[in-house]
Amino acid sequence: MTGENSPPPTGHQPLATTSLRRRVLITAIAVSGVALIVVALAVQSLFVVVVARSENTVLTDRIQLARQLAQQNTPPAELIRRVDNHSVRARLVLTDGGTYGSLTPAHSRRTAATHSRTITLTGPGVLNRGRLTVQVDTPLLENLRSRLGWVLVGVTAAAIVIIAAALWFGMRNALAPLDSMTRLARDIARGGRGRRLSPTRADTELGRTAAAFDEMLDALEGAEARARNSEQRMRAFLGDAAHELRTPIAGIQAMAEAVLHQPADLDTDERDRMYALLVREAQRAGRLVEDLLDMARIDAGLTLHRDTVDLYELVRAQTERMRMLHPEITFELTGTAIQADIDADRVGQILVNLLGNAAQAMPGGGEVRIAVEPAAAQTARVRITDTGPGIPDAERERIFDRLVRLDQGRDRRRQGAGMGLSIARGIARAHGGDLICQPPPPGTSGAVFVLTLPLRQTRSEP
């Protein structure tokens, strides 16, 4: 169980907002410092190796020189003078106890064995069997190592300072695009629109970030534009709906007041006529309210009650109904049985609207052809074609807007509010299909509506 004092869960992880300039600067200095220290240690180690090899070479040269001088019977003082110099100290001990050279026994004991060598000379004269000890001048080498160490420390520190200064000034230019993004974001927050970063390259880190930022701004401004358009459409829709409702309500009110003020001996036929007008206006208002409710359901997510239905039989039933209602019009149905997973009542509502519109467009008679046929994979199509005046090209999409009536002779309705086609398309799209108006075949007139429906459920119902 969660403790009472546990913090509430959050939907996102807070973004770390440490200064990017400081983070990059510290990271670069740390990496550069480590690299420079490693290089300095490598130079120091290389110096030690080189010095060690040089020491061995110098000692070997001095020993070879001493042996040559002993073979030449060189006097001891001359031998020491030539072997003992500023970098190598020597001490010669003869068999008679004579000692020559600047190397003292005490200094020799403090020196590591790798820095000194002792040999026995051979040759004629007093140098025979004399012991010669040669040693590299250790204090001089230590002084060189110390100086080199301090030089490396100074160079490393100076290099880190120079790198830090160069990074500090270079980061201003490097982070300039981020500053531009910040300024643009603040302008957008203050209401500025239309500006973009427009990166010159979109394959870099900053380029990808700038491109994503521009895409976000496009989506934001597009969403704002859609929201404004939707709000304007909603206001217009509410105004038109209120206007449409005002007419039947006013008629109902007028008829009701007229009935109330009629004398008691009013003719029965006249009273029945007034009652019929009252009922007709009430029915008109009821149909408009029902259309408004359907539009609200579609906007909220229409709930469909699907079942496996023979689409051809459903179309045939609605066609027979229209034949009885409009005997002056010829209805011709073709097609084959197609099993579809649909809401039969809602699809019937679409067919009633389309067939009713076709019949109202031909009050003097005409022909309506209905074709039920399979379309693409797992899709059925219902095509309804009439011989009426048709729909202009510019109006074929607008007729699906809400509260739209055509000004041409096709729209002869007096009772509709102009929401039937919008509701029909909403129902079709709720099924996962669509409803469109196509141009008639060449050489013909009239309107062509095509209803497509999936044979299987393609979307989950709310």
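The sheet built from four strands is open, its strands ordered S2-S1-S4-S3 with antiparallel pairing. Of all strands in the sheet, those bounded by a partner on one side alone are strand S2 (99–100) and strand S3 (116–120). Where strand S1 (residues 88–93) lies against S2, two bridges are found, and the strand directions are antiparallel. From the neighbouring strand, valine 93 faces S2, where its bridge partner is threonine 99. Along the sheet, helix H2 (residues 76–83) makes contact with S1, S2 and strand S4 (131–136), crossing S1 at roughly 160 degrees.

We now examine the side chain of aspartate 84. Mapped onto the elements of the fold, aspartate 84 is located in the loop between H2 and S1. There is a polar contact of 3.4 Å between the side chain of aspartate 84 and the backbone nitrogen of alanine 90. The residues touching aspartate 84, leaving out its near neighbours within four places in the chain, are Arg89, Ala90, Gly101 and Ser102.

As judged from the six bridges shared by S1 and S4, these two strands associate in the antiparallel manner. Counted as the bridge partner of alanine 90 is valine 134 from S4.

Attention now goes to the packing of helix H9 (residues 344–360) against helix H10 (residues 420–430). Relative to each other, H9 and H10 sit at 145 degrees, their axes nearing to 9 Å. The handedness of the crossing between H9 and H10 is left-handed. Contacts between H9 and H10 pair Arg346, Gln349, Ile350, Asn353, Leu354 and Asn357 from the former with Gly420, Leu421, Ile423, Ala424, Ile427 and Ala428 from the latter. Taken together, the residues of the contact of H9 with H10 sort by class into seven nonpolar, four polar and one charged.

Another aspect to go through is unusual backbone geometry. Despite not being glycine, asparagine 73 has its phi angle at roughly 60 degrees, a positive value. By the element assignment, asparagine 73 lies in the loop between helix H1 (20–71) and H2. Despite not being glycine, arginine 129 has its phi angle at roughly 65 degrees, a positive value. Tracing the backbone shows arginine 129 in the loop between S3 and S4. Arginine 129 gets classed as exposed once you look at its relative accessible area, which sits at 63%.

Moving on: the pattern of salt bridges. This structure, assessed with the given rule, holds ten salt bridges. Here arginine 398 and glutamate 395 are joined by a salt bridge, their closest N and O atoms 2.6 Å apart. Overall, the relative accessible area of 17% leaves glutamate 395 in the buried class. One salt bridge in this structure joins arginine 429 and aspartate 434, with 3.0 Å as the shortest N-O distance. When its relative accessible area of 23% is taken as the criterion, aspartate 434 is described as partly exposed. When salt bridges that share partners are traced, they join Glu397, Arg425, Arg429 and Asp434 into one network.

With that settled, the discussion passes to the nonpolar core. With 51 residues, the main nonpolar core has Leu311, Val368, Ile370, Val382 and Phe449 as its most contacted residues. The greatest single-element share of this core, amounting to seven residues, is contributed by H9. With sequence-adjacent residues up to four places away left out, valine 368 is seen in contact with Ile329, Thr330, Phe331, Glu332, Leu355, Ala358, Met362, Ile384, Thr385 and Asp386. One finds Leu59, Ile63, Leu92 and Val134 within the second-largest nonpolar core, a separate group that totals 18 residues.

Moving on: the packing of helix H8 (residues 311–325) against H9. In the contact formed by H8 and H9, the axes pass within 10 Å of each other and the chain directions differ by 45 degrees. Here H8 is positioned oblique relative to H9, judged by the angle of their axes. Viewed along their axes, H8 and H9 form a crossing whose handedness is right-handed. Contacts between H8 and H9 involve Leu311, Leu314, Val315, Gln318, Thr319, Arg321 and Met322 from the former and Ala344, Val347, Gly348, Leu351, Val352, Leu355 and Gly356 from the latter. Residues that form the contact of H8 with H9 fall into these classes: nine nonpolar, four polar and one charged.

We now examine helix H7 (residues 268–300). Between its first and last C-alpha atoms H7 spans 47 Å; for 33 residues at 1.5 Å apiece the expected length is 48 Å, and the two agree. Listed in full, the buried residues belonging to H7 are Met274, Glu281, Arg284, Ala285, Leu288, Leu292, Asp294, Met295 and Ile298. At the exit of H7 stands glycine 301, carrying a positive phi of roughly 110 degrees.

On to the confidence of the model for the protein. Averaged over all residues, the pLDDT of the protein is 80; the fraction at 70 or higher stands at 86%. Predicted confidence for residues 407–414 stays below pLDDT 50, and this span has 20 contacts to residues more than four positions away or in other chains.

What follows is about helix H5 (residues 176–189). For H5, built from 14 residues, the straight-helix expectation of 20 Å at 1.5 Å per residue is met to within 8% by its first-to-last C-alpha distance of 20 Å. Within the span of H5, buried status applies to Met181, Leu184 and Ile188. Each buried residue of H5 lies within a common arc of 70 degrees when the element is viewed along its axis, so the set occupies one face. Facing away from the buried side of H5 by more than 90 degrees, the exposed set consists of Arg186 and Ala189.

What counts and how
Residues numbered from 1 in each chain as written. Predicted model: local features only at pLDDT ≥ 70, side-chain atom pairs only at ≥ 80, totals over all residues. Heavy atoms only, no water. Pairing = 2+ DSSP bridges. Helix = DSSP H or I, 4+ residues; strand = E, 2+ residues; numbered from the N terminus. Contact = heavy atoms within 4.5 Å. Axes fitted to C-alpha atoms, helices over the stretch in contact; angles between N-to-C directions. Polar contact = N/O pair within 3.5 Å; in protein donor to acceptor, adjacent residues only side chain to side chain. Left-handed = near helix turned anticlockwise from the far one by under 90°. Nonpolar A, V, L, I, M, F, W, Y, C, P; charged D, E, K, R; others polar. Buried < 20%, exposed > 50% of the residue type's maximum accessible area, 1.4 Å probe, protein only. Salt bridge = Lys/Arg side-chain N within 4 Å of Asp/Glu carboxyl O. Core = buried A, V, L, I, M, F, W, Y, C linked by side-chain atoms within 4.5 Å. Parallel < 35°, antiparallel > 145°, perpendicular 65-115°, else oblique. Expected span 1.5 Å × (residues − 1). pLDDT = per-residue confidence, 0-100. Arc of directions from axis to C-beta.

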